[in-house]
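The residues making up each chain are set out below.
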Amino acid sequence: MFLLILGSVGASLIAMYFLAPWLPVDLAYIYTNIKVLSLYQKLAKKRVLMIELFEESTKRNPKKPFIHYEGAAYSYEEVDESANKVAHFAEEIGLKTGDIVAIMIQNSPEYLWTLFGLQKLGIQVALLNTNIRSKSLHHCLTVSGARTVVFGKDVLDAVESVSAELKAEGYNVWIQGNHVPPAYQSMDEVLERMSAVPIDPRVRSSISVDDPSVFIYTSGTTGLPKAAIVTHKRCCGGISMMPRGCRLTPDDVTYVPLPLYHGSALLFGVGGSVFTGSSIVIRKKFSASHFWSDCRRYNVTVIIYIGELCRYLVSRTEQANDKDNSVRLALGNGLRPEIWNTFKKRFNIKVVREFYAATEGAGFFVNLGDVPGSVGRLSPIMKALSPIKLLKFDYEKESAYRGLDGRCVEAKPGEVGLFVCQILPGKIDFDGYKGRKELNEKKILHNVLKDGDAFYNSGDLLVTDKMHNVYFRDRVGDTFRWKGENVSTTEVASVLADEQIIFHVNVYGIQIPGCDGRAGMAAMTIKDGHEVSDEFFNSLYTKVVEFLPVYARPLFLRLQTEIQTTSTYKYIKINLQRDGFDPNLIKDPLYMLDNNNQTYTPLNLQLYGQIVSGEIRL
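Residues numbered from 1 in each chain as written. Predicted model: local features only at pLDDT ≥ 70, side-chain atom pairs only at ≥ 80, totals over all residues. Heavy atoms only, no water.

S.K.: What is the right way to read the pattern of salt bridges from this model?
M.R.: Any two side chains of opposite charge can pair, on the condition that their charged atoms come close. Inspection of the entire model under this criterion finds 28 salt bridges. Between Arg234 and Asp431 there is a salt bridge; the shortest N-O distance is 3.0 Å. Of the two residues, Arg234 is situated in helix α10 (residues 232-245) and Asp431 in the loop between β19 (417-422) and β20 (433-434); the sequence distance between them amounts to 197 residues. The closest approach of N and O atoms between Arg283 and Asp294, which form a salt bridge, is 2.9 Å. Of this pair, Arg283 sits in the loop between β11 (279-282) and α12 (288-297) while Asp294 is found in helix α12, placing the two residues 11 residues apart along the sequence. (Salt bridge = Lys/Arg side-chain N within 4 Å of Asp/Glu carboxyl O. Helix = DSSP H or I, 4+ residues; strand = E, 2+ residues; numbered from the N terminus.)

Structure, rendered in structure tokens:
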């Protein structure tokens, strides 16, 4: 009888292997997802805030290092005391729970204790990208709703770029540091006389988990950056991934080389560490040359990455001690399949957790199986359990395909589909953007599979393989990704089109061999009766440097006699993207950004060959 049962079980396992070889992987995924979801629901139900997790870790281990920065260690207690001073400072200048403050600070301990100090009072914080200037910066301040702004001492040029607007509109501006220009207020001078006594946590007792915690800016199809609302509940979701999905413990040390205004850096890096009471390592800016020496110096066990960062590390000359590190896990997004295994093997990284998510969006994928290039799974079982769908895509209309019945159709395995996630109020929310309601409405698809349903539209195209692993393929519309940042083609075009002799501007992203994401390129037409000159390209260079952050500046220009448009006068990009920047294919004049000579210089076959070979690095 026992042999009969054993034989039956064996036969079932063999059948399962051949009919559904992906099922055991599914079960492991589901188990881990349940653990993550359980912690998330527990934190959200108890209304746990990130600042409270930090304060609890401070009470448990006050002397333990929380931040390692430029050779110095800052304990939980030291950061907490500095945050208390910031909270008292905020009270003194009249701020209260529910107010909004914008901060623009380079990565530093000051960044975190300023953020935590404001959150101790229940203040919502807009996290400004330190690369933006002028029009973009003024726009971000306006949509945030903040009337108080804190600038770091290293971004005074950003302050100057909007000084007239700040003064005219009555912003309360504070600069960190003791020696600031006479026109501004020194935050540090006030902090010196502030008490380090803790703020009574009851001052923030009215906060709901559905209230905004921070605003993180993201470029979208509308042109200028949008302020994505990150609620306290969403913070709980990011925090839950680290101890449950990545097994982060109090003994781990997490390296956070990304800007702290980046969602991954704040929620996974900082949030995971304050939950577990572990340590983080931060730098003012990412440095490929110092990355692994930092990892060795601080015994780093977990790193937070974006794909571009990994490419920089792999492209460096191999060193004898490349494997000499304690890193057990890398968490991030955008790691290219072709360097995945090279990255792991060369630097002895045991596990990669690649994920897919949007700061403001609903739905989340994470690759728990370390499948190169994959962002997660969507098998038949997981489709049944998940609100996530991949919809057949209409490339002509740049939207989800709808059948004769008006309903959307799910993409087949192997078919590229539009990533959407059903919105289920109270369970799966789309927090959207601060500001105009139409910004949020553009991201929602209605009546997708049945009357009355609503789905978050990511604007991203993904695909599954035979084993139901999911892979990112491309972005739809007017946004592409370069240097780890989203670039809005509309914003770039608005800067370029301001020239008096430019008639049409069509901005798009192109693939560069050996580079992640897409580099910016602009096709232009010139107004009749005008000719381009050295002065024109010099002026154009000056303008893009002044008004666009580094990652958004178009690296290539293409001068055309006519711009292709659809019947509704939308610019056609697909042919331009296919041509790329190859002078062998393109007869139009081509130019490339020349930082050495501060202009755009003609792109010839020799320069093209140097870029393709990697001799010229972009």
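That covers the picture; the talk isn't over yet.
S.K.: Would you mind going over the sheet that holds strand β5 (residues 148-151) with me for this structure?
M.R.: Where strands meet in a sheet, backbone hydrogen bonds hold them as pairs that are either parallel or antiparallel. Spatially, the eight strands line up as an open sheet ordered β7-β6-β5-β3-β4-β8-β9-β20, and their pairing is mixed. With partners counted over all chains shown, the strands left at the sheet margins are β7 (185-186) and β20, one partner each. Pairing geometry for strand β3 (residues 100-104) and β5, over four bridges, is parallel. Bridged to Val101 within β5 is Thr148. (Pairing = 2+ DSSP bridges.)

S.K.: I tried to follow the environment of Phe54 on my own but got confused; where do I start?
M.R.: As for its position among the elements, Phe54 is in helix α3 (residues 50-60). Residue Phe54 is classed as buried on the basis of its relative accessible area of 0%. Phe54 sits 22 residues away from Tyr76 along the chain, and the two C-alpha atoms are 8.0 Å apart. Those residues in contact with Phe54 that lie beyond four places of it in its chain are Phe66, Tyr76, Val79, Asp80, Phe116 and Val274. (Buried < 20%, exposed > 50% of the residue type's maximum accessible area, 1.4 Å probe, protein only. Contact = heavy atoms within 4.5 Å.)

S.K.: Got a minute to help me understand the nonpolar core in this structure?
M.R.: Where a protein is soluble and globular, its nonpolar side chains tend to be buried together. Among the nonpolar cores identified, the biggest contains 99 residues, and Phe66, Phe116, Leu127 and Phe343 are the most heavily contacted of them. Top element by residues in this core is helix α4 (residues 76-92). It accounts for seven residues. Those residues within four positions of Phe343 in sequence are excluded, and the remaining contacts are Trp292, Ile303, Cys310, Leu313, Val314, Ala330, Leu335 and Ile349. In terms of nonpolar packing, the next biggest core, distinct from the first, is built from 44 residues, Ile512, Ala519, Phe537 and Leu540 among them. (Core = buried A, V, L, I, M, F, W, Y, C linked by side-chain atoms within 4.5 Å.)

S.K.: Quick question: what am I supposed to make of the sheet that holds strand β27 (residues 519-526) here?
M.R.: An order of β26-β27-β28-β29-β30 is seen for the five strands of this open sheet, with the pairing classed as mixed. The two strands at the open ends of the sheet, each matched to only one other strand, are β26 (502-510) and β30 (599-602). Neighbouring strand axes in the sheet, compared pairwise and without regard to direction, differ in orientation by 30° on average. Where helix α17 (residues 489-496) meets the sheet, its contacts fall on β26 and β27, and the angle it forms with β26 comes to roughly 145°. (Axes fitted to C-alpha atoms, helices over the stretch in contact; angles between N-to-C directions.)

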